[in-house]
Amino acid sequence: MFFLSNGHLSAVWYSVLARSGYFDVKELATFRKLNTRLQGHPATAEGLPGIRIASGSLGQGLSVAIGAALAKKLNGDKSIIYSLHGDGELEEGQNWEAAMFAAAKKVDTIIATVDYNGKQIDGPVDEVMSLGNLKAKWEAFGWLVLEMNGNNIADILSVMTKAKEMTGKEKPIVILMKTEMGFGVDFMMGTHKWHGNAPNDEQTEKALAQLEETLGDY
Amino acid sequence: MKKYTVTGQKDTRSGFGEGLLEAGRKNPNVVALCADLIGSLKMDAFVKEFPERFFQTGIAEANMIGIAAGLTIGGKIPFTGTFANFSTGRVYDQIRQSVAYSNKNVKICASHAGLTLGEDGATHQILEDIGLMKGLPNMTVINTCDFNQTKAATIAIADHEGPVYLRFGRPKVPVFIPEDQKFIIGKALLLNEGKDVTIFATGHLVWKAIEAGEILAEKGIDAEIITSIPLNLWMFSPY
């Protein structure tokens, strides 16, 4: 089971759901438009398959993931709960309420991942509101911490496999996933201007041409 | 004026505590959460009988609401317990997004509501909670008037599909609703028929309305007394 806590990643989330067969890929073109089922941030109200809870207002997803894990435990279900969080999102206090709880109550079927791209809306996280030593923070809260290169599929698969093996050992697990925004597109990497800014048709074509794998089916 | 007999003086929060225990015995999916106020919320009996179905979050109400929402995804029926101000104002966005808008089957049970809280003072005496909860989609708001009604309501909401805000209080107040009276969500009670004036009352003020009706009757004024139901503002929407 997966929870997207940083709901503003909805475009990615919807793409993955559509291409995994939850709904028609063509519906992606309705994103953020009037009467769409694909709201700017994920919501359950439209009955879009694959969405279990609304998100968008940050800091709430880890609590929800923990609740789902507790229910599974009561139901005798050992399957793993996954969650994704922004790094800027970790500035919200509720995350740390949830982190404290998970460790204190030994919720050990959770693998939380942080999209550690070092950026938030007003600038680099280190300048806006530094998280300090994030690894040390999670460890101090009683979590097992893994690190992963989010722009390398092989590394993702390897670390995720390791994380799964570490569940069920009385400690929750967090993966700090280092990513670079706009990775692989030369005019999008290393700049802040594409955070929340959509490319026009010409820019989209240029960007997709630079990526080894593009899906181009829209 | 219809005669009401006071059969005791009990705090409505104790009605919640007894109702929660009974709901828990009836349905194994009923679970409970509390934010460091088990005694005040009278949840001790439930905690003692169903320790594996109880989750103590400590003083972390936002996390408590989120966990409750997540528990519903596994088919559980979570009852959260803390003071009314912490149950609503403090966690409004958590309720709005994770519970109400996501239509999760969470029962937010709030004690120590209103001015009757008394000595703790204004920071704890919330009056805005009913208004806050009424405006949320999918949220049913219940403000009970005595011990028996609170117990019956607690049991009834376990069978209701959808989020609920159940509000009750700290002090001992008159018990006058029959013990075996089932609570029907959304149904107002016509406590006295009358033709001169209508009094709508909710919560602890219902008994005060009855007392007022008696005084008015002595003065020859015939008061109609009805318990008012905090209506969800979305009930008129097309959704």
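Keep in mind that this is a model prediction, so the values were computed, not measured.

A.B. asks: Kindly report on the overall build of chain B, identifying the contributing residues and their values.
C.D. replies: Helix and strand content of chain B: 8 helices and 11 strands. Over its C-alpha atoms chain B spans a radius of gyration of 18 Å, differing by no more than 12% from the 18 Å that the globule rule assigns to 239 residues. Principal axes of the C-alpha set define a box for chain B whose edges measure 55 × 45 × 35 Å. Taking contacts inside chain B between residues at least 6 apart in sequence as the whole, the part at least 24 apart equals 80%.

A.B. asks: Give a detailed account of the interface of chain B and chain A, specifying residues and quantitative values.
C.D. replies: With 22 residues of chain B at the contact, the number on the chain A side is 23 residues. Those elements giving two or more residues to the side of chain B that touches chain A turn out to be α3 (61-73) and α5 (92-100) of chain B. The element best represented in the side of chain B that touches chain A is α3 of chain B, accounting for 9 residues. Its residues assigned to classes, the side of chain B that touches chain A shows 9 nonpolar, 11 polar and 2 charged.

A.B. asks: Break down the nonpolar core for me, with residues and values.
C.D. replies: The biggest cluster of nonpolar side chains holds 94 residues, and the ones touching the most others in it are A65, I66 and I110 of chain A together with L166 of chain B. For I66 of chain A, the contacting residues outside a window of four places in its chain are A98, F101, A102, V107 and I110 of chain A together with I67 and G70 of chain B. I177, L191, A201 and V206 of chain B belong to the second-largest nonpolar core, a separate cluster that totals 13 residues.

A.B. asks: Report on the pairing of strand β5 (residues 107-111) of chain B, specifying residues and quantitative values.
C.D. replies: Residue and element names in this part refer to chain B. Burial analysis of β5 places 5 of its 5 residues in the buried class, which makes it a mostly covered element. Of the two faces of β5, both are covered, the one formed by K107, C109 and S111 as well as the one formed by I108 and A110. With 5 bridges connecting them, strand β4 (residues 77-83) and β5 associate as parallel partners. Directly across from G81, in β5, lies its bridge partner C109. Note: β5 against strand β7 (residues 164-167), 4 bridges, orientation parallel.

A.B. asks: Quick rundown of the sheet that holds strand β6 (residues 144-149) of chain A? Include the residues and the values.
C.D. replies: All names here are of chain A. Strand order in the open sheet made by the 5 strands is β1-β2-β3-β7-β6, with parallel pairing throughout. Bordering the open sheet on either side are β1 (2-4) and β6, each of which pairs with just one other strand. Mean inter-strand twist for the sheet, computed between neighbouring axes without regard to direction, equals 20°. Two elements, β1 and strand β2 (residues 81-86), share 3 bridges in a ladder whose sense is parallel. Each residue of the ladder has a partner; that of L4, found in β2, is L84. Strands β1, β2 and β3 (110-116) of the sheet are contacted by helix α2 (residues 61-74), whose axis makes an angle of about 175° with β2.

A.B. asks: Kindly report on unusual backbone geometry, identifying the contributing residues and their values.
C.D. replies: All names here are of chain A. The phi torsion at R32 lies on the positive side, around 65°, for a residue other than glycine. Its location among the elements puts R32 in the loop between α1 (10-19) and α2. One non-glycine residue, N35, adopts positive backbone phi at about 70°. Position of N35 among the secondary structure elements: in the loop between α1 and α2.

A.B. asks: Account for α3 of chain B, naming residues and giving values.
C.D. replies: Residues and elements named next belong to chain B. For α3, which comprises 13 residues, the first-to-last C-alpha distance of 19 Å matches the rise-based estimate of 18 Å (1.5 Å per residue) to within 8%. Of all 13 residues in α3, 13 are buried; the element is thus mostly enclosed. With its phi angle positive at about 85°, G75 sits one or two positions after the end of α3.

The rules behind these values
- Residues numbered from 1 in each chain as written.
- Chains lettered and ligands numbered in written order.
- Predicted model: local features only at pLDDT ≥ 70, side-chain atom pairs only at ≥ 80, totals over all residues.
- Helix = DSSP H or I, 4+ residues; strand = E, 2+ residues; numbered from the N terminus.
- Rg over C-alpha atoms; globule rule 2.2 N^0.38 Å.
- Contact = placed C-beta atoms within 7 Å.
- Nonpolar A, V, L, I, M, F, W, Y, C, P; charged D, E, K, R; others polar.
- Core = buried A, V, L, I, M, F, W, Y, C linked by C-beta atoms within 7 Å.
- Buried ≥ 20, exposed ≤ 12 C-beta atoms within 10 Å, placed from the backbone.
- Pairing = 2+ DSSP bridges.
- Axes fitted to C-alpha atoms, helices over the stretch in contact; angles between N-to-C directions.
- Expected span 1.5 Å × (residues − 1).

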